[in-house]
Amino acid sequence: MAKGLMYIDNIRVEFDEEPTVMAVCRKAGVEVPNFCFHSDLSVYGACRMCMVEDENGKIDAACTMVPKDGMHIRTNTAKLLHYRRMILELLLSAHCRDCTLCDKSGNCRLQDMAMRFGIHSMRFQDTRKPIENDESSPAISIDYNKCILCGDCVRVCQEIEGIGNLHFAGHGPDLRIITTGDQPISATRCISCGQCSAVCPTGAIVVKNEIGEAWKAIHDPKKRVVVQIAPAVRVAIGEAYEIPAGENVLDKLVSALKIMGVDEVYDTIFGADLTVREEGAEFMRRLESGENLPLMTSCCPAWVKHVENDRPQFIKNLSSALSPMQMFATVLKDRYREKDAEAGRETYHIAIMPCTAKKMEAARPEFRRFGVPNVDLVLTTQEVIKMIKESGIRFTALEKESPDLPFGMGSGAGEIFGTAGGVAEAVIRHCLPDKSKNGLRMISHSGLRGTEQLRFATIPIGDRQVRVAVVHGLAEADRLLDKIESGEVQLDLVEVMTCRTGCVGGAGQPTALMGSKRKRAEGLYELDRSALFKRAERNPVLNMMYAQDLAERSHELLHHQYKAPENE
Amino acid sequence: MVKEYLVKGDVCVPGKVMVADGMTIRQVIEAAGGMADGKNFKAVQIGGPSGTLLCADQLDLSLDAKTLAPFGFRRGDSVITVLDEGRCIVDAVDRFMKQTQTDFCGKCVSCREGTRRITELFDALMNGSLNEDGFQLLLDIAEMVSVTGFCALGKGVYDTLKNAYQFFPEEFHAHMGGSCALCAADTRPPVEPGNIPYDRRRIVIDPSLCRGCSRCARSCHAEAIFGVIKSPFTIDQKKCVKCFTCMDLCAFGAIREEEIDG
């Protein structure tokens, strides 16, 4: 039974748990224009774009209005349009106007809104003092002059990620966003998760654009450009070409990259299989000895950074197995080193990731061998979309092409790395002695899958009940760590993903609402269902490599024990 | 209930005036010693930038929220600024509008950007370079802020301007024309708004009277009131913007203002 009934633009809608009129409007299929409303974040009510009129002619913001039974809401009266236009004009006049030079152009909510409401002229000059850009982060670029002070970044940093690194400062006309201590962002406790850029409606915070580097390498004949593609990318990149979220377009992406001039294209799920095997072995060792439990996954670089920054007591719990991207890169560079020396070529490794923090991970000094970084460049999904558009490739019309061998194949367990809960599931699959279909089914129904931010599951391995937790969003992860510290919960394996819904919801992905992020995750599970083999240990290429010399060299190549930063 | 106001401007004895229920504006001015230098009364501004402006026609109305509601009354910062006939109303309104730039928080777009542009347009008006269209734009923006502003402070921006323009349109037109006789003739230092001791008063909830109905918390524009239903609520002084909405709403008279030193 619904709590009440209301009318949105004469559409009858029942409402139940919706906390605001805005949510009811969305339910009715009416999208009220706004900049600062995100269903995952707290209500802020600053942009004033979502003004609606009720039956008494009272005008108020839909994002703060509480739904009442019998309300008649109008979202598009002449008065409202007039106010909206004026607010937009005011916003735009205090905003830099070089749209053509902006990275966000074409994808910008402010630009989009200005087009929708037909703002063609402005009666005011931009009288603000210019603020210098902040390019210090390896993952994001900040241009404070494009900020419209909607506060989305401040809230996502505090409420979802629990970092609280961005703040409002000043008041009145001098209000602005600053980082903690007003330092360059790299000098703060920023973990490079990039969620601020994902929620930013304008080009104020954007993913660092490194397309130029990529083209330089691709066009350099002395460089063998080798690309790896992360699982979460293939179910999201199609969204830029009107392909529904969750549909696998890996083969088209491979084809596009080949046309662009990339020499070899591989699949990160191969690296994921390596991670599963190493992390699985490590997990079994720790289970036996009982030391440093729970084992915490270290695939997410932003999470690792957060532990180093703020929770150093848990560094010993982090898995020493590298992330799939680094696994892949070390193995690749190791295999190509001699060949390259002979041929006088250099391998330039580009990783296509859904993630901004991977840019930071690739730049970490630990992940270099023989003076060169394992991953030379990380491109986010957004950047690759731009490169494809720049090349003039019609993505939807491309012929399919599968990734190259030998590193182009991986297990279904590798595919689901891209979603929250996937890493834990893959590791459990590897460790579970029951290799039958029933075993797989039992794991998938154990509670590891789902939409909650924090999920628990208990899975019998041998004579032990293994307690697993999956958590996404660092604020939630911090609460879990507190419980682990106080002894309130006992766990053996903890998977942490910084972004909500895991890598599919990464900041490097095309901007999306929660619904399409879930569809992307569903797409990955679908890929797992249709995979040739579901377990990492079935990967034939990997088995061959382990049989050759990888088993002896695994510690040298595939592990890194994180340590607390020395200055603390 | 006796409320405390600060009367300043062109009165003989500027200072605190205790305003009892039913006291008219004329009586309030008399309590402050009457008009200074024997000049005639012109207008009175109540409540600072988000308050309102009244002229001689309203002198005999009593100073309370109900009577003055049609004029956009807000108690605001509880300051009554009295202007005599020698003052230019445009100049006075300009000063109140300027005050928004130092007083307002800047959270919501309409108020932050709106008041910024209003002050810019007022600058143009003051130096005679604003035409009719520009002035219409100014009124338009102010009206937009008054409807779409997040809190009572922003919503009150229009009233002073609207009333001033309604009561003294000729002075605005004189400024648009580029010359104002009053501005030229008045050599006295201007009546500056603001400059009241910061946090002079605070609003508190009397725990012995509060029944914990949460009406105040729900009405609070600044989300400054907290509490558990059926036990006394409290006001977070750091968040309170002193709009007095809660005070007017409380059915138990549990909310009162307190003076603090300094």
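**Side note on the overall build of chain B**
Okay, step 1: When its secondary structure is counted, chain B shows eleven helices and nine strands.
Okay, step 2: Relative to the compact-globule value of 18 Å for 262 residues, chain B shows a C-alpha radius of gyration of 19 Å, a close match.
Okay, step 3: Overall size of chain B, expressed as C-alpha extent along the three principal axes, is 60 × 40 × 30 Å.
Okay, step 4: Here chain B holds 262 residues, and 45% of them are scored as buried.
Okay, step 5: Nonlocal contacts in chain B, meaning residues at least 24 apart in sequence, comprise 65% of its contacts between residues at least 6 apart.

**Observations concerning the overall build of chain A**
Okay, step 1: The helix and strand tally for chain A stands at 19 helices and 19 strands.
Okay, step 2: Its C-alpha atoms give chain A a radius of gyration of 24 Å, near enough to 24 Å, the size a compact globule of 568 residues would have.
Okay, step 3: Based on the C-alpha atoms only, the size of chain A along its principal axes is roughly 75 × 55 × 50 Å.
Okay, step 4: Looking at chain A residue by residue over its 568 residues, the buried ones come to 49%.
Okay, step 5: Counting contacts in chain A only where the partners sit at least 6 residues apart, residues at least 24 apart contribute 73% of the total.

**Re the sheet that holds strand β16 (residues 377-380) of chain A**
All names here are of chain A.
Okay, step 1: Pairing in this open sheet of four strands is parallel, and the strands run β11-β10-β13-β16 from one edge to the other. Two strands in the sheet have a free side with no partner beyond their single neighbour: β11 (264-267) and β16. Going across the sheet, the axis of each strand differs from the next one's by a mean of 25°, ignoring polarity.
Okay, step 2: Where strand β10 (residues 223-229) lies against strand β13 (residues 346-353), seven bridges are found, and the strand directions are parallel. By the bridge assignment, valine 227 is partnered in β13 with isoleucine 350.

**Points about the interface of chain B and chain A**
In many analyses, interface size is given as the accessible surface area lost on bringing the parts together.
Okay, step 1: Each partner contributes residues to the interface: chain B has 22 residues there, and chain A has 19 residues.
Okay, step 2: Elements with a contribution of two residues or more to the side of chain B that touches chain A: α3 (89-103), α4 (109-126) and α5 (132-148) of chain B.
Okay, step 3: Top element by residues in the side of chain B that touches chain A is α4(B). It accounts for eight residues.
Okay, step 4: Partitioned by chemical class, the residues of the side of chain B that touches chain A number nine nonpolar, six polar and seven charged.

**Quick notes on the environment of A:Val207**
Residues and elements named next belong to chain A.
Okay, step 1: With respect to the helices and strands, the residue valine 207 is situated in strand β9 (residues 205-207).
Okay, step 2: Taking the C-beta count within 10 Å as the criterion, valine 207 has 24 such neighbours and is therefore assigned buried.
Okay, step 3: Distance in space between the C-alpha atoms of valine 207 and isoleucine 140 is 4.5 Å, their sequence separation being 67 residues.
Okay, step 4: The residues contacting valine 207, other than those within four sequence positions of it, are Ile140, Gly194, Ser197, Thr356, Thr380, Gln382, Glu383, Ala507 and Gly508.

**What to know about the domain arrangement of chain A**
Okay, step 1: Per the domain assignment, the segments of chain A are domain 1 (4-76), domain 2 (88-207) and domain 3 (212-558).
Okay, step 2: Placing a centre on the C-alpha atoms of domain 1 of chain A and another on those of domain 3 of chain A gives a separation of 40 Å.

**Comments concerning unusual backbone geometry**
All names here are of chain A.
Okay, step 1: Cis geometry is found at the peptide bond from leucine 293 to proline 294, where omega equals -5°.
Okay, step 2: Along the polypeptide, proline 294 turns up in the loop between α9 (268-289) and β12 (295-296).
Okay, step 3: Between leucine 405 and the following residue, proline 406, the backbone shows a cis peptide bond with an omega angle of 10°.
Okay, step 4: For proline 406, the position within the fold is in the loop between α13 (381-390) and α14 (412-415).

**Looking at helix α17 (residues 474-486) of chain A**
All names here are of chain A.
Okay, step 1: Taking 1.5 Å as the rise per residue, α17 with 13 residues should run 18 Å; its terminal C-alpha atoms sit 18 Å apart, in good agreement.
Okay, step 2: Residues of α17 that are buried sit in contact with α10 (301-310), β17 (454-461), β18 (464-472) and β19 (493-497).
Okay, step 3: Two residues or fewer past α17, glycine 487 is found with a positive phi of approximately 85°.

**Here's the deal with the packing of α9(A) against helix α19 (residues 540-558) of chain A**
Residues and elements named next belong to chain A.
Okay, step 1: It is at 12 Å that the axes of α9 and α19 come closest, and there the two elements cross at 65°. Our classification of the angle between α9 and α19 gives roughly perpendicular. Of the two possible hands of crossing, α9 and α19 adopt the one that is right-handed. Note on element contacts: α19 touches α9 through Leu542, Ser554 and Leu558, opposite Asp273, Leu274 and Glu278.

**Quick look at the sheet that holds β12(A)**
Residues and elements named next belong to chain A.
Okay, step 1: Taking strand neighbours across the sheet as the criterion, the four strands line up as β12-β19-β18-β17 in an open arrangement whose pairing is mixed. Both outer strands of the open sheet, β12 and β17, are each paired with one neighbouring strand and no more.
Okay, step 2: Pairing of β12 with β19 involves two bridges; the strand directions are parallel. Looking at the pairing, methionine 296 lines up with valine 494 of β19.

**Side note on the pairing of β10(A)**
Residues and elements named next belong to chain A.
Okay, step 1: Summarising burial for β10: five of the seven residues are buried, a large majority.
Okay, step 2: As judged from the four bridges shared by β10 and β11, these two strands associate in the parallel manner. Note that in β11 the partner of glutamine 228 across the bridge is tyrosine 266.

**A short note on the domain arrangement of chain B**
Okay, step 1: Per the domain assignment, the segments of chain B are domain 1 (1-87), domain 2 (88-186) and domain 3 (202-259).
Okay, step 2: Centre-to-centre, using C-alpha coordinates, domain 2 of chain B lies 32 Å away from domain 3 of chain B.

**Here we look at the environment of A:Thr275**
Residue and element names in this part refer to chain A.
Okay, step 1: Among the structural elements, threonine 275 can be located in helix α9.
Okay, step 2: For threonine 275, a count of 32 C-beta atoms within 10 Å corresponds to the buried category.
Okay, step 3: Apart from residues no more than four positions distant in its own chain, threonine 275 is found in contact with Cys299, Ala321, Leu322, Ser323, Pro324 and Met327.

**Considering α10(A)**
Residues and elements named next belong to chain A.
Okay, step 1: With seven of ten residues buried, α10 lies mostly within the body of the structure.
Okay, step 2: Regarding α10, the residues found buried are Pro301, Ala302, Trp303, Val304, Lys305, His306 and Val307.
Okay, step 3: Looking at the buried residues of α10, the elements they touch are α12 (357-362), α17 and β19.

**Quick word on the confidence of the model for chain B**
Parts of the model with low pLDDT should not have their predicted coordinates read in detail.
Okay, step 1: Looking at chain B, pLDDT values average 88 and 96% of them are 70 or higher.
Okay, step 2: We note a pTM of 0.86 for the whole complex and an ipTM of 0.83 for its interfaces.

**Points about the nonpolar core**
Okay, step 1: By size, the foremost hydrophobic cluster in this structure holds 244 residues, and its most contacted members are A:Cys50, A:Ala62, A:Cys153, A:Val227, A:Ile352, A:Val468 and B:Val28.
Okay, step 2: If one sorts the elements of this core by residue count, helix α2 (residues 78-93) of chain A sits on top with eight residues.
Okay, step 3: Contact partners of A:Cys153, with chain neighbours within four places excluded, come to A:Leu166, A:Ile177, A:Cys196, A:Val199, A:Cys200 and A:Ile205.

**Brief notes about the packing of α2(A) against α5(B)**
Okay, step 1: Where α2(A) meets α5(B), the axes come as close as 10 Å, and the angle between the chain directions of the two elements is 105°. Classified by the interaxial angle, the pair formed by α2(A) and α5(B) is roughly perpendicular. Residue-level inspection shows A:Tyr83, A:Met86 and A:Ile87 of α2(A) in contact with α5(B), the latter providing B:Asp140, B:Ile141, B:Met144, B:Val147 and B:Thr148.
Okay, step 2: Residues of the contact of α2(A) with α5(B), tallied by class, amount to six nonpolar, one polar and one charged.

Basis of the calculations
- Residues numbered from 1 in each chain as written.
- Chains lettered and ligands numbered in written order.
- Predicted model: local features only at pLDDT ≥ 70, side-chain atom pairs only at ≥ 80, totals over all residues.
- Helix = DSSP H or I, 4+ residues; strand = E, 2+ residues; numbered from the N terminus.
- Rg over C-alpha atoms; globule rule 2.2 N^0.38 Å.
- Buried ≥ 20, exposed ≤ 12 C-beta atoms within 10 Å, placed from the backbone.
- Contact = placed C-beta atoms within 7 Å.
- Pairing = 2+ DSSP bridges.
- Axes fitted to C-alpha atoms, helices over the stretch in contact; angles between N-to-C directions.
- Nonpolar A, V, L, I, M, F, W, Y, C, P; charged D, E, K, R; others polar.
- Domains from an automatic or database assignment.
- Expected span 1.5 Å × (residues − 1).
- Parallel < 35°, antiparallel > 145°, perpendicular 65-115°, else oblique.
- Left-handed = near helix turned anticlockwise from the far one by under 90°.
- pLDDT = per-residue confidence, 0-100.
- Core = buried A, V, L, I, M, F, W, Y, C linked by C-beta atoms within 7 Å.

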